[in-house]
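What the coordinates show
Listed below, chain by chain, are the residues.
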Amino acid sequence: MFPVTEDPILSVRNLKKHYPITEGILSRQVGAAKAVDGISFDIAEGETLGLVGESGCGKSTAASSIIRLEEATDGEVIFNGGGRGGRTRNEDGTHPNDVTKFDDGELKAFRRDAQMIFQDPSSSLDPRMTVGSSVAELLLVHGMTDKERRREIVEDLLERVGLEADYYDRYPHEFSGGQKQRIALARALVLNPEFIVADEPVSALDVSIRAEILSLLNDIQEEFGLSMLFISHDMSVVREVCDRVAVMYLGEIVEIGDTDEVFRNPQHPYTEALLSAIPRPDPSAQRENIELKGTVPSPTNPPSGCRFHTRCHMVIQSDEYDLEQERWRAVLTFRDRVRSGEIDPESVREALAFDADDLSNVDNQTVKDELRTEFDLAEELSDPEAESVLQDALDALAEGRIEDANDRLSAFTTPCEEEEPQETDHGNGHLSACLRNKPETEHGAPLADD
Amino acid sequence: MATDRQSFDEIDWGQIDEESEREISPNFIIVAIGTALMGAVWAFDYFFVTGTWDAAIGMDFGNQYTPTFEVIGWGYDVTQLDWLFAFSLVLFGAYMILPLYQNPRMTKYYWRDMKRNRPAMASLGWLLFIFVIGVIGPAIIQAPTVDLMTKYQPPMFLEINNVYPINCVGEVAGGDCHGSLEHPLGTTGDGKDIFRIIVYGMQISMKIGFIATLFVVTIGSIVGTVAAYAGGLVDEVLMRWVDIQQSFPTFILYLLILYIYGASLFLFIVLFSLFSWEGTARYVRSNALAKTEEEYIKAVQLSGASTYRVIRSHIMPNSASSIVTDITLLIPSFILFEAQFAFLGLGDSTIPSWGVLIAQGRSDLAFAPWITLIPGLFLFFTILAFNFLGDALLDALNPEADAEAEQ
């Protein structure tokens, strides 16, 4: 379990959000999309935690479950802000501050302490309401019936986020994206919350406006001592804004730690890949650009073991073989594609033939060569044992015996698909979940050696 | 920044009680007062006027003429349809017209868009004309009456062979009777003044439009939003009910009731509007479902607002533009229906509606075509105007489409 920061304002424990997949008239549940599958972290008072990952990895679902826009499937979200601090667990093990179990009254009070900023400023404001009333509505909902007072507060707030008081009566379509995001920020602030979830608040904005909004966020956070959960897929924005960062992959957190530490010394191959994608202003800097192949696997049926093993460039080799890392990755990708039935030798043959009706002039060797090129398998693998297995499999494929090829390729295995990685502590709250970092590992050197 | 100004971080939420989050809006007050007034007049009508008339005759005839405002010397009998019409006018004023005044910026914005569309502006003018004349006209102008002596009078600037009218009101020249100001649009075969029928017909068309809208919008949006928000079994039941009702032959039911009780405009309007809200309900439901996914709705839910508030202040206003467009297509179809039924002789032939007039002129087309043509033109232009206006409203009232175009 991830360690507890001292007196966090928010601690998320083993949070899960599964979307049931139903079938038939009776809506029988046949499976679940595990959008968020057991994440845990803490956010200290005044701290900004970045949650990063590709699209579809469950960041936004995590956010809406934490703030209870959606009901979590399992787990706890303990919110200690708003004068709730110091409470201890009930006798039955539940926590009085658990957001997922708040009743209506507590939830409404929680709304005053935690608010959210959305990604798309053009759809986050009601197009038929003046922006002033959009912001003031929250005050009304929480019982402030004095209209003049509401207006005064909102006008003051609009000025604080860098707009003008007389914008109160204007409609969203009269503003630019950056201005709308300022208004959205005003709406999130108007109840004076202690905690804000920012779901990709700048990714829909022009680069020139990003910096302004980010620095506004920063100023406001400092002025009011806000804690923030900052969701983004953009590592460079995260580095600028966040104190700590958690990297998510397919519903799980694979690495978490201080931003500086994680950026300087990433411990998980996925983090490394994300970081390598940041453009660098220094052309002479040496850093390989790691390209993640394929898309994020479906959360309905996540890969076994380490969920990242299907795309990991550092995937561990089994002891029997000794290949270059790049080839090993290629071999495993090839194996997975054959297993999922995505490779059809007939269509390869057809594509190679000049005349679609006459496939006889494409011999098996051409097909095999084509497959090798396409999957980057080299002309001959350096390990003779691996090469013979691959050769057998390719032969079988070329002859159309897909099952046999599949059987043959099953000889390639990696510990990554068998063993679920546990968190490794790298000190100072920096944790990662990768088999390479296991202390007693025999799987070669850990990721980074410094 | 002024220091005495209230700031959001100085609010002591502990001091603010959870008061009712629902304010009584001026719109609601207007509706309440309007309804109360109507209730009072209705009670007066029921207990003092109709009651007295019934007592005088000695029995209750139900539909007899009872001049509600005889006290102030106005012989107008307020009927069931009038009550419904008045109520829909109050609602229209409070929830369509007043908001235009309350949100001047939005109004100006729509107006700018609308103004560019010339056919739509002409249509708006035409409909306003029909509406104002239709509402006020029948209160001032006497109802058309049968006068065989002045039958087949031609409209202004037209003439007819003098054998048709018994007594030509205008000038007779060369064996032709010429139109006169007395009957500017001529008269029918039984001497009714066409101008008056047109004016009364305007009111009937407006009644059809407004009352049908009242029913369709009310039932349609309630069923639609409830289905969308409740989901599950409720949604399933309501939507299957909509399916069933949509396949129900309303026309046959209308014929059946008509043969048993006789035709009346009230029956037509109420029956057909009670069986026409399905499309709107479906539409509102899908719209509400789509809007729930919008970030601004999520933001409102996050504010802690009640479901009622989310629906009433956000889903409804944002669906309004589409409902309005939907309605501008529905109203003309109702008006056309009425005309068609009148033409087929399935309507109430005693009312002075355009359709009835068209049917009346059918046999006189050869020598007095205006009897059919004049109401036909009014019908044509009114329906055309609704369609043009609907198109223009669709464009003007859809800020999302604009926002998308900007990107």
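Residues numbered from 1 in each chain as written. Chains lettered and ligands numbered in written order. Predicted model: local features only at pLDDT ≥ 70, side-chain atom pairs only at ≥ 80, totals over all residues. Heavy atoms only, no water.

Okay, unusual backbone geometry next. Residues and elements named next belong to chain A. At arginine 68, a position not held by glycine, the phi torsion is positive, near 60 degrees. With respect to the secondary-structure elements, arginine 68 resides in the loop between helix H1 (59–66) and strand E4 (74–79). Residues other than glycine seldom take positive phi values, yet aspartate 376 does so here, at roughly 60 degrees. Along the chain, aspartate 376 turns up in the loop between helix H12 (364–374) and helix H13 (384–398). (Helix = DSSP H or I, 4+ residues; strand = E, 2+ residues; numbered from the N terminus.)

Attention shifts here to the UniProt feature "transmembrane region" (unreviewed entry) in chain B. Residues and elements named next belong to chain B. The UniProt entry lists residues 28–49, 83–101, 122–141, 208–230, 251–275, 327–346 and 367–389 under the feature "transmembrane region" (unreviewed entry), expressed in the numbering used here. Across residues 122–141, the secondary structure splits into 95% helix and 0% strand, with the terminal C-alpha atoms separated by 26 Å. The span residues 251–275 carries 84% helix and 0% strand; its end-to-end C-alpha distance comes to 10 Å. (UniProt positions renumbered as here; feature names shortened; annotations may be inferred.)

Here the focus is the sheet that holds strand E3 (residues 176–178) of chain B. Pairing between sheet strands relies on hydrogen bonds along the backbone, with the strands arranged either parallel or antiparallel. Residue and element names in this part refer to chain B. Taken in spatial order, the three strands make up an open sheet running E1-E3-E2, and their pairing is antiparallel. Either end of the sheet is taken by a strand with one partner, and the two such strands are strand E1 (159–161) and strand E2 (172–173). Sheet topology note: the E1/E3 ladder contains three bridges and is antiparallel. Bridge pairing links glutamate 159 to histidine 178 in E3. (Pairing = 2+ DSSP bridges.)

All names here are of chain A. Summed over the entire model, instances satisfying the criterion amount to 36 salt bridges over all chains. Arginine 327 serves as the salt-bridge partner of glutamate 326, at 3.9 Å between the closest nitrogen and oxygen. Taking the relative accessible area as the measure of exposure, glutamate 326 reaches 52% and is therefore exposed. One salt bridge connects aspartate 404 with arginine 401, and the closest N-O pair in it is separated by 2.8 Å. (Salt bridge = Lys/Arg side-chain N within 4 Å of Asp/Glu carboxyl O. Buried < 20%, exposed > 50% of the residue type's maximum accessible area, 1.4 Å probe, protein only.)

Residue and element names in this part refer to chain B. Between helix H10 (residues 295–302) and helix H11 (residues 307–343), the least distance of the axes is 11 Å, while the angle of their chain directions is 170 degrees. Classed by the angle they form, the pair H10 and H11 counts as roughly antiparallel. Side by side, H10 and H11 meet where Tyr296, Ile297, Val300 and Gln301 of the first sit next to Val310, His314, Ile315 and Asn318 of the second. Partitioned by chemical class, the residues of the contact of H10 with H11 number five nonpolar, three polar and no charged. (Axes fitted to C-alpha atoms, helices over the stretch in contact; angles between N-to-C directions. Parallel < 35°, antiparallel > 145°, perpendicular 65-115°, else oblique. Contact = heavy atoms within 4.5 Å. Nonpolar A, V, L, I, M, F, W, Y, C, P; charged D, E, K, R; others polar.)

The feature "domain: ABC transporter" (unreviewed entry), as given by UniProt, occupies residues 10–275 of chain A in the numbering adopted here. Summarising residues 10–275 of chain A: 35% helix, 26% strand, and an end-to-end C-alpha distance of 27 Å.

In the structure shown here, the tally under the stated rule is 33 aromatic pairs over all chains. Judged by centre distance (5.3 Å) and plane angle (20 degrees), the rings of Phe248(B) and Phe275(B) are stacked. Here Phe275(B) lies in the loop between helix H8 (265–274) and helix H9 (278–292) and Phe248(B) lies in the loop between helix H6 (232–246) and helix H7 (250–261), a separation of 27 residues in the sequence. The interplanar angle of 70 degrees and the centroid separation of 5.3 Å between the aromatic rings of Phe380(B) and Phe381(B) together place this pair among those described as edge-to-face. A network of ring pairs unites the aromatic residues Trp126(B), Phe129(B), Trp354(B), Phe378(B), Phe380(B) and Phe381(B) as a single cluster. The ring of Tyr168(A) has Arg151(A) lying over it, and the distance from NZ or CZ to the ring centre is 4.1 Å. A cation sits over an aromatic face here: Arg362(B) above Phe343(B), 4.8 Å from the ring centre. (Phe/Tyr/Trp six-rings, centres within 6.5 Å; stacked < 30°, edge-to-face > 60°. Lys NZ or Arg CZ within 6 Å of the ring centre and 35° of its normal.)

Another point: the UniProt feature "domain: ABC transmembrane type-1" (unreviewed entry) in chain B. Taking the UniProt record as the reference, the feature "domain: ABC transmembrane type-1" (unreviewed entry) is found at residues 202–390 of chain B. Across residues 202–390 of chain B, helical content stands at 82% and strand content at 0%; the span's end C-alpha atoms are separated by 19 Å.

By convention, interface size is frequently given as the accessible area that disappears when the constituent parts associate. Along its sequence, chain A is organised into domain 1 (8–128 + 171–271) and domain 2 (325–413). Using C-alpha coordinates to define each centre, domain 1 of chain A is positioned 45 Å away from domain 2 of chain A. (Domains from an automatic or database assignment.)

On to the pairing of strand E6 (residues 195–199) of chain A. Residue and element names in this part refer to chain A. Summarising burial for E6: five of the five residues are buried, a large majority. Of the two faces of E6, both are covered, the one formed by Phe195, Val197 and Asp199 as well as the one formed by Ile196 and Ala198. One ladder, built from four bridges, connects strand E5 (residues 114–117) with E6; its direction is parallel. Opposite alanine 114, over in E6, you have phenylalanine 195 as the bridge partner.

The interface of chain B with chain A comprises 43 residues on the first partner and 48 residues on the second. The three residues of chain B that bury the most area against chain A are Phe8(B), Trp13(B) and Leu302(B), which together make up 20% of that side's buried surface. For the pair chain B and chain A, the interface holds two salt bridges. Salt-bridge contacts for Glu174(A) lead to Arg105(B); the nearest nitrogen and oxygen are separated by 2.6 Å. Elements represented by at least two residues in the side of chain B that touches chain A include exactly helix H3 (104–115), H10, H11 and helix H14 (399–406) of chain B. If one sorts the elements of the side of chain B that touches chain A by residue count, H10(B) sits on top with seven residues. (Buried area = accessible area lost by both parts, 1.4 Å probe.)

Residue and element names in this part refer to chain B. Two numbers describe how helix H2 (residues 80–102) lies on H8: the axes approach to 9 Å, and their chain directions differ by 45 degrees. For the element pair H2 / H8, the angle class is oblique. Taking contact as the criterion, the partners of Gln80, Leu81 and Leu84 in H2 are, on H8, Leu265, Phe266, Ile269 and Val270. Broken down by class, the residue content of the contact of H2 with H8 amounts to six nonpolar, one polar and no charged.

Residue and element names in this part refer to chain A. Here E4 lies mainly inside the structure; five of its six residues are buried. Summarising the sheet, strand E1 (residues 8–23) and E4 pair through five bridges and their orientation is antiparallel. The residue bridging valine 12 from the neighbouring strand is valine 77, located in E4.

This paragraph deals with the state of the cysteines. What makes a disulfide is a covalent bond joining the sulfur atoms belonging to two cysteines. On inspection of all chains with the given rule, the structure shows one disulfide over all chains. Note on cysteine connectivity: Cys168(B) is disulfide-linked to Cys177(B), with sulfurs 1.9 Å apart. Disulfide Cys168(B) to Cys177(B): torsion about the S-S bond roughly 80 degrees, handedness right-handed. Taken as a pair, Cys168(B) and Cys177(B) share a single burial class, namely buried. Between Cys57(A), a free cysteine, and Cys242(A), which holds the nearest cysteine sulfur, the sulfur-to-sulfur gap is 14 Å. Cys57(A) gets classed as buried once you look at its relative accessible area, which sits at 1%. (Disulfide = S-S within 2.5 Å.)

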